[in-house]
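# Tertiary structure, described
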Amino acid sequence: MRRIVVTIDGPAGAGKSTVAKQLARRLGYRLLDTGAIYRAVALVAHRRGIAWTDAEACAEVARALDITFDFVGDKNHVFVSGEDVSGAIRTPENSQGASQVSAHPPVRAALLDLQRRLGEGGGVVVEGRDTGTVVFPQAQAKFFLTATEEERARRRVAELGSGGDYEKTLREIRERDQRDASRDVAPMKPAEDAVLVDSSTQTIEQVVENLARVVEERAGVTAGR
Ligand code: DC
């Protein structure tokens, strides 16, 4: 069986992370969460007092970023210079920061090689916004996963637990999608050859099953084996 590159792009809260993780496990593939890389840049910039609007200074942070991933049990932990920042990168404030720094062309350019290196050799599920269009345009299986705004906001609130406010989350999701989809460089959009998947009407298990079938076909394995 060939070990291919699988990309999953789509807006915030569409279920990408969960689907990517389960799909990677089922296929025995590695997982590459590219959003975590932009989140790490935003976090480091903020800690150094660099404004998220400062493209050059954020690009400098991106170029020097020392990021590693490690699965601890079921969770994909993210380390920056050896520090576990898995929780710190996922606050609502840092999410907006990640979206802002990701709109700067020099930041994206600085992270391109890093992402390609991390995905080298195939046998990897990559998730993000532009992984099928820009980072791995030759990927053999591409998906664009989405869901209605309301469903995505509901999921995010559930993730955030008791601190989650639905209306505020919905506003933040709209703001972030608008920025991610309208930026000049590598905007979030489906690759021409991506399979479009709406997760509003399916369970995560059904989505994973459908994606796995496509990947197995593309990798040259008979579906269902
Ligand atoms: O997937 P996520 O929510 O963790 O991503 C955080 C931000 O990073 C998102 O708002 C846009 C940006 N991003 C990007 O521009 N390109 C990617 N491939 C992944 C994420």
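This is a predicted model, so every value here is computed, not measured. (Residues numbered from 1 in each chain as written. Predicted model: local features only at pLDDT ≥ 70, side-chain atom pairs only at ≥ 80, totals over all residues. Heavy atoms only, no water.)

## So, the side chain of D9
Rules: Only DSSP runs of H or I covering at least 4 residues are called helices, and only runs of E covering at least 2 are called strands; the numbering of each starts at the N terminus. For the exposure calls, accessible area comes from a 1.4 Å probe over protein chains only, and a residue counts as buried if that area is under 20% of its type's maximum, exposed if over 50%, partly exposed in between. Within this scheme the basic residues Lys and Arg register as positive and the acidic residues Asp and Glu register as negative, but His and the chain ends are omitted. By definition, a salt bridge exists where a carboxyl oxygen of Asp or Glu is found within 4 Å of a side-chain nitrogen of Lys or Arg. By the criterion applied in these results, polar contacts are pairs of N or O atoms within 3.5 Å in which, for protein atoms, one can donate a hydrogen and the other can accept it, and in which residues neighboring in sequence qualify only through two side-chain atoms. Should any heavy atoms of two residues lie within 4.5 Å, those residues are considered in contact.
Relative to the helices and strands, D9 is located in strand β1 (residues 5-9). It is R129 that comes nearest to the buried, bridge-free D9 among opposite-charge side chains, at 6.8 Å. A polar atom in the side chain of D9 sits 3.2 Å from the backbone nitrogen of D130. Setting aside chain neighbours within four positions, we find D9 in contact with K16, G128, R129, D130, T131, G132, T133, F143, F144 and L145.

## What to know about the nonpolar core
Rule in force here: Take the buried residues of types Ala, Val, Leu, Ile, Met, Phe, Trp, Tyr and Cys, join any two whose side-chain atoms come within 4.5 Å, and each joined set is a nonpolar core.
By size, the foremost hydrophobic cluster in this structure holds 35 residues, and its most contacted members are I37, V41, L65, I67, V107 and L111. Counting only elements with at least two residues in this core, the list comes to α2 (34-47), α3 (55-63), β4 (75-80), α4 (92-101), α5 (105-118) and β6 (124-128). Of all the elements, α2 adds the most residues to this core, at nine residues. Look past the residues within four positions of V107 in its chain and what remains in contact with it is Y38, A55, C58, A59, A62 and V101. Counting 23 residues, the second-largest nonpolar core is a separate cluster that includes V6, A14, L23 and V214.

## Remarks on the side chain of S86
Its location among the elements puts S86 in the loop between β5 (83-84) and α4. A residue is classified by how much of its surface remains accessible, and S86, at 7% relative accessible area, is buried. A polar side-chain atom of S86 sits 3.4 Å from a polar atom in the side chain of H77. Of the polar contacts made by the side chain of S86, one reaches the side chain of D84; its length is 2.5 Å. S86 has contacts with K75, H77 and V78, leaving out every residue within four places of it along the chain.

## A look at the environment of Q206
Within the fold, Q206 resides in helix α9 (residues 204-218). Relative accessible area serves as the criterion here: at 40%, Q206 is assigned to the partly exposed category. Remark: the alpha-carbon pair of Q206 and V19, spanning 187 residues in sequence, is separated by 9.9 Å. At a separation of 2.8 Å, a polar atom in the side chain of Q206 contacts the main-chain amide nitrogen of T203.

## A short note on the pairing of β1
Basically, it comes down to this: Strands are labelled as partners when DSSP assigns at least two bridges between them.
Of all five residues in β1, five are buried; the element is thus mostly enclosed. Because side chains alternate across β1, one face comprises the buried residues V5, T7 and D9, and the other comprises V6 and I8, equally buried. Bridge count for β1 against β6 is five bridges, and the pairing is parallel. Paired with V6 across the two strands is V125, which belongs to β6. Inspection of the sheet shows β1 paired to strand β7 (residues 141-146) by four bridges, in the parallel sense. In the strand pairing of β7, I8 is matched with F143.

## Structural notes on the sheet that holds β1
Test applied: Angles run from 0 to 180 degrees between N-to-C directions of axes, and those axes are lines fitted to C-alpha atoms, restricted for helices to the stretch in contact.
Across the sheet, five strands lie side by side as β2-β6-β1-β7-β8; this open sheet has parallel pairing. Bordering the open sheet on either side are β2 (30-33) and β8 (195-198), each of which pairs with just one other strand. With direction set aside, neighbouring strand axes in the sheet form an average angle of 20 degrees. Pairing between β7 and β8: four bridges, direction parallel. Directly across from F143, in β8, lies its bridge partner V195. In the packing of α2 onto the sheet, contacts are made with β2 and β6, and the angle to β2 comes to roughly 40 degrees. In this fold α9 packs onto β1, β7 and β8, with an angle of close to 165 degrees to the strand it touches most, β7.

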